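Residue strings, one per chain:
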Amino acid sequence: MSAIGQFEDTLIFEGCNFLKQRLLLSTLSGKPIRIINIRRYACPPGLREYEVNLIRLFDKITNGTRIELNSTGTAILYEPGLLSGGLVNHECSLQRGIGYYLDVLLALGPFCKIPLNANFKGVTNSQDGPSVDHILASAIPILKKFLIVDDGLELKVLKRGLMPLGGGEVLFKCPVRKNLHTVQMSNTGMVKRVRGVVYACKVSPALANRTVEAAKGPLLKFIPDVYINTDQTKGRSGGKSPGFGILLVAETTDGLFYAAETVSSIIKDGTPHSVPEDLGKTTAQKLLDEIYRGGCADSTFQWLVALYMALGQKNVAKFATGPFSDYTVNFLQQLRQFFSITFKLESIAGQNPDGRQRPIEERVAVLMTCVGIGYSNINKRML
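All values reported here derive from a predicted model rather than from experimental measurement. (Residues numbered from 1 in each chain as written. Predicted model: local features only at pLDDT ≥ 70, side-chain atom pairs only at ≥ 80, totals over all residues. Heavy atoms only, no water.)

Chemist: What exactly am I supposed to notice about the sheet that holds strand 16 (residues 316–321) here?
Modeler: Paired through their backbone hydrogen bonds, the strands of a sheet run either parallel or antiparallel. Across the sheet, which stays open at both edges, the four strands sit in the order 11-16-18-17 with mixed pairing between neighbours. At either end of the open sheet lies a strand with only one pairing partner, and these are strand 11 (184–185) and strand 17 (344–348). When strand 16 meets strand 18 (residues 365–371), the two strands line up antiparallel, connected through six bridges. Bridge assignment links Val-316 to a residue of strand 18, and that residue is Val-371. Across the sheet, helix 7 (residues 302–311) is in contact with strand 16 and strand 18; its angle to strand 18 comes to roughly 25°. (Pairing = 2+ DSSP bridges. Helix = DSSP H or I, 4+ residues; strand = E, 2+ residues; numbered from the N terminus. Contact = heavy atoms within 4.5 Å. Axes fitted to C-alpha atoms, helices over the stretch in contact; angles between N-to-C directions.)

Chemist: I keep staring at the layout of surface pockets and nothing clicks. Help me out?
Modeler: A water-sized probe, rolled over the atoms, reveals where empty space remains. Computed from the structure, the largest pocket encloses a volume of approximately 500 Å³. Along the walls of the largest pocket sit 23 residues, with Lys-20, Tyr-100, Asp-128, Pro-130 and Tyr-327 positioned nearest its centre. Those elements that provide at least two residues to the lining of the largest pocket are helix 1 (19–29), helix 2 (49–61), helix 3 (98–108) and helix 8 (326–339). Counting residues per element, the lining of the largest pocket draws most heavily on helix 3, at three residues. (1 Å grid on protein atoms, 1.4 Å probe; cavity = no way out; pocket = protein on both sides within 12 Å on 5 of 7 lines; lining within 4 Å. Points joined across faces, edges and corners; volume = space filled by probe spheres on them.)

Chemist: Explain the nonpolar core here, please?
Modeler: The tendency in soluble globular proteins is for nonpolar side chains to be buried as a group. Leu-28, Phe-120, Phe-172, Leu-307 and Leu-335 are the most contacted members of the largest nonpolar core, which totals 80 residues. Contacts of Leu-335, omitting those with residues within four sequence positions, involve Leu-25, Ala-306, Leu-307, Ala-310, Ser-340, Ile-341 and Phe-343. In this structure, Val-203, Leu-219, Phe-244 and Ala-260 belong to the second largest nonpolar core, which totals 23 residues. (Core = buried A, V, L, I, M, F, W, Y, C linked by side-chain atoms within 4.5 Å. Buried < 20%, exposed > 50% of the residue type's maximum accessible area, 1.4 Å probe, protein only.)

Chemist: What should I look at first to understand the sheet that holds strand 15 (residues 257–263) in this one?
Modeler: Here we have four strands laid out as an open sheet, ordered 13-12-14-15, and mixed in their pairing. Edge positions in the open sheet fall to strand 13 (226–233) and strand 15, since each of these has one partner strand only. Here the average twist between neighbouring strands, direction ignored, is 15°. Across seven bridges, strand 14 (residues 243–252) lies against strand 15 in antiparallel orientation. Opposite Ala-250, over in strand 15, you have Tyr-258 as the bridge partner. Taken strand by strand, helix 5 (residues 205–220) contacts strand 12 (191–201), strand 13 and strand 14, and its axis lies near 165° from that of strand 13. Lying over the sheet, helix 6 (residues 276–293) contacts strand 12, strand 14 and strand 15, oriented at roughly 155° with respect to strand 15.

Chemist: Explain the packing of aromatic side chains to me, please; I cannot follow it from the model alone.
Modeler: Geometry of an aromatic ring pair is reported as the spacing of the ring centres plus the angle between the planes. Within the structure shown, the criterion is met by ten aromatic pairs. Centroid distance Phe-13 to Phe-338: 5.8 Å. Interplanar angle 20°. Geometry classified as stacked. Taken together, the residues Phe-13 in strand 1 (residues 11–14) and Phe-338 in helix 8 connect sequence positions 325 residues apart. On the basis of relative accessibility, which here comes to 7%, the residue Phe-13 falls in the buried class. For Phe-338, a relative accessible area of 2% puts it in the buried group. Each ring, one from Tyr-50 and one from Tyr-100, has its centre 5.6 Å from the other, and the planes form 80°; the classification is edge-to-face. Taken together, the positions of Tyr-50 in helix 2 and Tyr-100 in helix 3 put the pair 50 residues apart, joining distant regions of the chain. Tyr-50 gets classed as buried once you look at its relative accessible area, which sits at 10%. By relative accessible area, Tyr-100 is classed as buried at 17%. By the ring-pair criterion, three or more aromatic residues cluster together here, those being Phe-18, Trp-303, Tyr-327 and Phe-331. (Phe/Tyr/Trp six-rings, centres within 6.5 Å; stacked < 30°, edge-to-face > 60°.)

Chemist: Whenever I open this one, the side chain of Glu-261 confuses me. Can you help?
Modeler: Topologically, Glu-261 is positioned in strand 15. One buried charge, Glu-261, has no salt-bridge partner; the nearest side chain with opposite charge is Arg-160, at 6.2 Å. Setting aside residues up to four positions removed in sequence, Glu-261 forms contacts with Asn-125, Ser-131, His-134, Tyr-199, Ile-246, Leu-247, Thr-283 and Lys-286. (Lys, Arg positive; Asp, Glu negative; His and termini not counted. Salt bridge = Lys/Arg side-chain N within 4 Å of Asp/Glu carboxyl O.)

Chemist: Would you mind going over a positive patch on the surface with me for this structure?
Modeler: On the surface, Lys-121, Lys-159, Arg-236 and Lys-240 cluster together into a positively charged patch. With respect to the helices and strands, the residue Lys-121 is situated in strand 8 (residues 114–122). (Patch = residues over 30% accessible without salt bridge, like charges linked within 9 Å, V, L, I, M, F, W, Y side chains within 5 Å. Areas by Shrake-Rupley, 256 points an atom, 1.4 Å probe, with all protein chains shown as cover. Charge placed at Lys NZ, Arg CZ, Asp CG, Glu CD.)

Here it is, written out as structure tokens:
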């Protein structure tokens, strides 16, 4: 690899934290970045396999991108090209789930030159990030609100694959837009139903049934309309590794969704190390926590809402969320650095699950307000 030079207009960062955020915002803003001291004192130093795999994905969906690494992988220069989109086939690293790579395309897809048609292979459900099912239940509805017309938007799980060997396959299609719609959402409504799915790959169906019963217990005390389906997969459609997991989704009267998911630990020698009852109860509690936090999006995809608001038309956008996660806080800081945009944050009352307003000392919901920068899809004009 060639050495990295010094450029006056290049943003310089240090360390491996939030690498994906920086690459994403660099691609959208067109500003080159240089990241140094990436795990400088680690053994081995430099970028990990899944991070190099992510950089390859950025290279596939763009045209004219220039990437340079030093010999140890501890420094990278990234000069973004134009978003081309089109047909993309990507073999994901098994160190991370497909969701780690898919949320990049959620952010970049609407601004490509050609509508995205991406095929991912790897791990569909993992413990270290949002799964494909979680993205389908929670992030896709958010994208639809900013696209207005969602013709051509599709996310489908063709095969499931769990760690460590994967074997899953996912299809993602995204239309292109010149501009994003400005959204103003502050009312969450009341939770009207809870739906879910327990997926089991190459394990006994009894594990899935036990997980369903354990998850329904706490939820039925909250709302009577609870239905959890089971998805038992075998053979090639079940991937290469055994395992199981559960995804729960709460839908409100205003068409908003909160999601929570838990995946079993890696199964070795046919013996599960996760107890189905614990898995079900833990996920139910996670979902109830998301509902209590409030807002119009769950905590996992607050950053995606902030990005769409910032890139929207030059109008006032408002969106209510629960308390910010650490990831969201850092993403807002990165947005200010790349696009010089700031948000007005206000604490709002929010509601308890029974519909009553919370007292002042328990208010946790945040109303984000900003004026969009009027980001326009310059790639689409080149058709």
